[in-house]
Amino acid sequence: MANKTVCTYEYEIDLNKCFFSHLERHGWSLSFRGNGNSLNIEIASCFEARMLASLLAEILLIDIRNIEMKKMASRLAESADSAADMIRIAAGNADRFVYFPSVAEKIEEYLKEHSALVLEGFLRFMLPEIIETWQACIDASLDEIMLRDEYLELVRLLGAFISEPNDHVRCVNLILQPDGSCVLTDENDLRIECSPGCEKNILDTLADISPEKITVYDLSMGRFNDFKESLKSMFGGRIEVYS
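Residues numbered from 1 in each chain as written. Predicted model: local features only at pLDDT ≥ 70, side-chain atom pairs only at ≥ 80, totals over all residues. Heavy atoms only, no water.

**Some points on the packing of helix H2 (residues 46–74) against helix H3 (residues 80–97)**
For any two helices packed against each other, the geometry is given by the interaxial angle and the distance between the axes.
So, step 1. Packing of H2 against H3 leaves a shortest axis separation of 10 Å and a crossing angle of 130 degrees. On the basis of their axis angle, the class for H2 and H3 is oblique. For the pair H2 and H3, the crossing hand works out as right-handed. Facing Arg-65, Met-69, Lys-70 and Ala-73 of H2, the residues of H3 in contact are Ala-83, Met-86, Ile-87, Ala-90, Ala-91, Ala-94 and Asp-95.
So, step 2. Tallied by class, the residues present in the contact of H2 with H3 amount to eight nonpolar, no polar and three charged. (Axes fitted to C-alpha atoms, helices over the stretch in contact; angles between N-to-C directions. Helix = DSSP H or I, 4+ residues; strand = E, 2+ residues; numbered from the N terminus. Parallel < 35°, antiparallel > 145°, perpendicular 65-115°, else oblique. Left-handed = near helix turned anticlockwise from the far one by under 90°. Contact = heavy atoms within 4.5 Å. Nonpolar A, V, L, I, M, F, W, Y, C, P; charged D, E, K, R; others polar.)

This is the structure we're talking about:
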């Protein structure tokens with residue numbers, strides 16, 4: 001039986017609640033005690049040691065990542081909404097660059113030799129490349145947001161030049177699929193199917209036919225959020241969206 005202590009002196013996080021949340025999500029069981037910013041965990045086997053390492057990796061790569069990214073974004077964002085947008089984009093990108101098993105392995109190896117782990121110290125001295133990755137993702141998210149805002153402004157200006165609604169095309173339906181493809185139909189059963197990445201072609205088609213009403217059925221689970229904003233900027237009140 002080994003006792004391991006995990007704590008933080010810097011992060012405003014309830015480790016007891018956070019640890020239990022991750023533990024419960026997996027349906028695992030570990031004996032531990034906590035008092036807010038500190039945990040004491042009893043480890044009785046190699047399996048439990050690996051379990052602990054995985055849970056701590058999740059806390060670092062999800063909960064602590066969000067705290068760190070919030071600080072990074074606050075230095076660059078002009079508003080709280082902008083910062084939240086940056087964090088959302090950056091967190092999604094970070095998941096593609098940070099390899100979870102390698103972090104869990106480092107934690108497991110560290111706890112074999114040490115009885116205590118301070119989260120901020122381990123992150124900064126043992127995983128500095130991850131902090132650099134998070135910062136790079138925040139910086140890239142700012143560039144992405146600026147490009148998106150410029151694009152939406154361009155679309156809005158383009159919308160001002162679109163002709164009045166076409167009397168011959170009353171209503172079209174646009175279905176946004178989970179795989180990134182789209183299906184465009186009209187009241188005459190015309191059907192256009194577009195492969196993933198078709199957003200520009202759809203915008204061009206809708207601008208050409210200029211229907212009186214566009215009904216969007218979004219099944220994409222958030223994949224087309226920016227595209228929907230483009231549609232709203234271009235067509236205004238002619239758009240109805242159902243998610």
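**Quick word on unusual backbone geometry**
So, step 1. Phi is positive for Met-221, which is not a glycine, with a value near 60 degrees.
So, step 2. On the secondary structure map, Met-221 appears in the loop between strand S8 (213–218) and helix H8 (225–235).
So, step 3. Looking at Met-221, the relative accessible area reads 75%, which means it is exposed. (Buried < 20%, exposed > 50% of the residue type's maximum accessible area, 1.4 Å probe, protein only.)

**Overview of helix H7 (residues 199–209)**
The α-helix advances 3.6 residues per turn, and as a result positions three or four apart in sequence lie on the same side.
So, step 1. Among all positions of H7, only Ile-202, Leu-203 and Leu-206 are buried. All buried residues of H7 lie within an arc of 100 degrees about the axis, which places them on one face of the element. Away from its buried face, by an angle of more than 90 degrees, H7 presents the exposed residues Lys-200 and Asp-208.
So, step 2. Positive phi appears at Ser-210, one or two residues downstream of H7, with a value of about 45 degrees. (Arc of directions from axis to C-beta.)

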